[in-house]
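The primary structure of each chain is shown beneath.
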Amino acid sequence: TNVATVDENGLVTCVGDKITECNIHEDAIGICGEAFLNCQNLESIIIPSNISTIGKDAFKYCHYLTIYCKMSKDQVEDETTWNPSWCTVIWDYNE
């Protein structure tokens, strides 16, 4: 299985490394640390505006990823902790 899931605490994590895109469900409130670690095939992810926390190294080694955040940059903690691979981030994304 290659999907992103929301656990009982409302945190997102990825299962499998073949996922290429992800649209995080509005029920999620955060993204776990290392949630997408080594998901090297991941090319795009849409993060809803209600996400309040993104864990350490959430997108580490996702070198080809573009992150579309529906929130502004000041709504989440320091980007260097959760985006150590310096993926492209589009802030205030509106589909």
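Residues numbered from 1 in each chain as written. Predicted model: local features only at pLDDT ≥ 70, side-chain atom pairs only at ≥ 80, totals over all residues. Heavy atoms only, no water.

### Quick word on the pattern of salt bridges
Point 1. Under the criterion given, the structure shown has two salt bridges.
Point 2. Ionic pairing is found between Asp-57 and Lys-56, a salt bridge with its closest N-O pair at 3.5 Å.
Point 3. On the basis of relative accessibility, which here comes to 10%, the residue Asp-57 falls in the buried class.
Point 4. One salt bridge in this structure joins Glu-79 and Lys-73, with 4.0 Å as the shortest N-O distance.
Point 5. Here Glu-79 falls in the buried class, since its relative accessible area comes to 11%.
Point 6. We classify Lys-73 as exposed; its relative accessible area is 51%. (Salt bridge = Lys/Arg side-chain N within 4 Å of Asp/Glu carboxyl O. Buried < 20%, exposed > 50% of the residue type's maximum accessible area, 1.4 Å probe, protein only.)

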